[in-house]
Amino acid sequence: MRTDAMPYVIRRPARHIDESARENVLFGRRKLFTTVAAAALLGAPLVVDSPVSAAPPEHPSVETAAAASCIGGAWKYDKPAGHSVAPIGNGYYVTTNRCADIQVKPNQNTQIGLCYLKDRNPERKVCKDLVTVKTGRWTVLGTGFENGAYFWFRFPNTGAHKTGLVAG
């Protein structure tokens, strides 16, 4: 039985790595670090699975840039308990020039219906079917909206407080 307070340290035997394999590992790590550092400086989100997947695409698509711009301008929606629409009252949300679709990212699983005024005319209300949206995931509720379209959300569960993000 050990009487001193020092913990045991188990050392692994050294493994021989040939010099070319060592250089490949170091190059891969250097490339990964450079890519991650550049993305951090640009404020870009990055999912890294391996050094190969961390490399940015040679030509980013216009769709990718538009989606990032759209979601980057998201704002909060808030439906208090006792209400069936957001925003409450007589107000509307208004689409921006950042994107042509309306997306939500709820803070809890819920059902949401998108409603809007066609040509901003209060006599031409359009409401789409309810859509089940998942917590923390962006879901497109409608596409093809012009800048300045008036819209709101309807919720079948009036008893619950519902919040999340909306981009449009």
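What you are looking at is a predicted structure, and each value in this text was computed from that prediction instead of being measured.

A. Summary view of the nonpolar core. Tyr77, Val104, Ile112, Phe151 and Phe153 are the most contacted members of the largest nonpolar core, which has 16 residues in total. Those elements giving two or more residues to this core turn out to be strand 4 (102–106), strand 5 (110–117) and strand 9 (150–154). Per-element tally for this core: the top contributor is strand 5, with three residues.

B. Seen up close, the state of the cysteines. Counted by the stated rule, this structure contains two disulfides. A sulfur-sulfur distance of 2.1 Å marks the disulfide that ties Cys115 to Cys127. Where Cys115 bonds to Cys127 through sulfur, the torsion about that S-S bond is close to 115 degrees, and the disulfide is right-handed. Taken together, the residues Cys115 in strand 5 and Cys127 in strand 6 (residues 125–127) connect sequence positions twelve residues apart. According to the relative accessible area criterion, Cys127 is partly exposed, its value standing at 42%. Shown here for the chain is a disulfide pattern of 1-2, 3-4, where each number marks a bonded cysteine counted in sequence order.

C. Geometry of the packing of aromatic side chains. In total, this model carries ten aromatic pairs according to the counting rule given. An angle of 50 degrees between the planes, with centres 6.5 Å apart, marks the rings of Trp75 and Phe151 as tilted. Taken as a pair, Trp75 in strand 1 (residues 75–79) and Phe151 in strand 9 lie far apart in primary sequence, 76 residues in all. Residue classification places Phe151 among the buried positions, given a relative accessible area of 0%. A network of ring pairs unites the aromatic residues Trp75, Tyr77, Tyr93, Phe151, Phe153 and Phe155 as a single cluster. Looking at Lys79, its charged tip hangs above the ring of Phe155, at a distance of 5.9 Å from the centre.

D. Examining the sheet that holds strand 10 (residues 162–167) more closely. Overall, antiparallel pairing links the four strands, which are arranged 1-10-4-8 in an open sheet. Since the sheet does not close on itself, it has two edges, and those belong to strand 1 and strand 8 (139–142), each with one partner. For this sheet, the mean angle separating the axes of adjacent strands, direction not counted, is 35 degrees. Summarising the sheet, strand 4 and strand 10 pair through four bridges and their orientation is antiparallel. Looking at strand 10, one finds that Val104 is bridged to Val166.

E. Region of interest: the pattern of salt bridges. In total, this model carries one salt bridge according to the counting rule given. Its salt-bridge partner being Arg124, residue Asp119 comes within 2.7 Å of it at the nearest N-O pair. Exposure remark for Arg124: the relative accessible area of 36% places this residue in the partly exposed category.

F. Summary view of unusual backbone geometry. A cis amide bond, omega 0 degrees, links Ala86 with the succeeding residue Pro87. By secondary structure assignment, the location of Pro87 is in the loop between strand 2 (85–86) and strand 3 (93–94). Positive phi, normally seen in glycine, also occurs at Asp119, with a value near 55 degrees. What makes Asp119 exposed here is its relative accessible area of 64%.

Analysis parameters
Residues numbered from 1 in each chain as written. Predicted model: local features only at pLDDT ≥ 70, side-chain atom pairs only at ≥ 80, totals over all residues. Heavy atoms only, no water. Core = buried A, V, L, I, M, F, W, Y, C linked by side-chain atoms within 4.5 Å. Buried < 20%, exposed > 50% of the residue type's maximum accessible area, 1.4 Å probe, protein only. Helix = DSSP H or I, 4+ residues; strand = E, 2+ residues; numbered from the N terminus. Disulfide = S-S within 2.5 Å. Phe/Tyr/Trp six-rings, centres within 6.5 Å; stacked < 30°, edge-to-face > 60°. Lys NZ or Arg CZ within 6 Å of the ring centre and 35° of its normal. Pairing = 2+ DSSP bridges. Axes fitted to C-alpha atoms, helices over the stretch in contact; angles between N-to-C directions. Salt bridge = Lys/Arg side-chain N within 4 Å of Asp/Glu carboxyl O.

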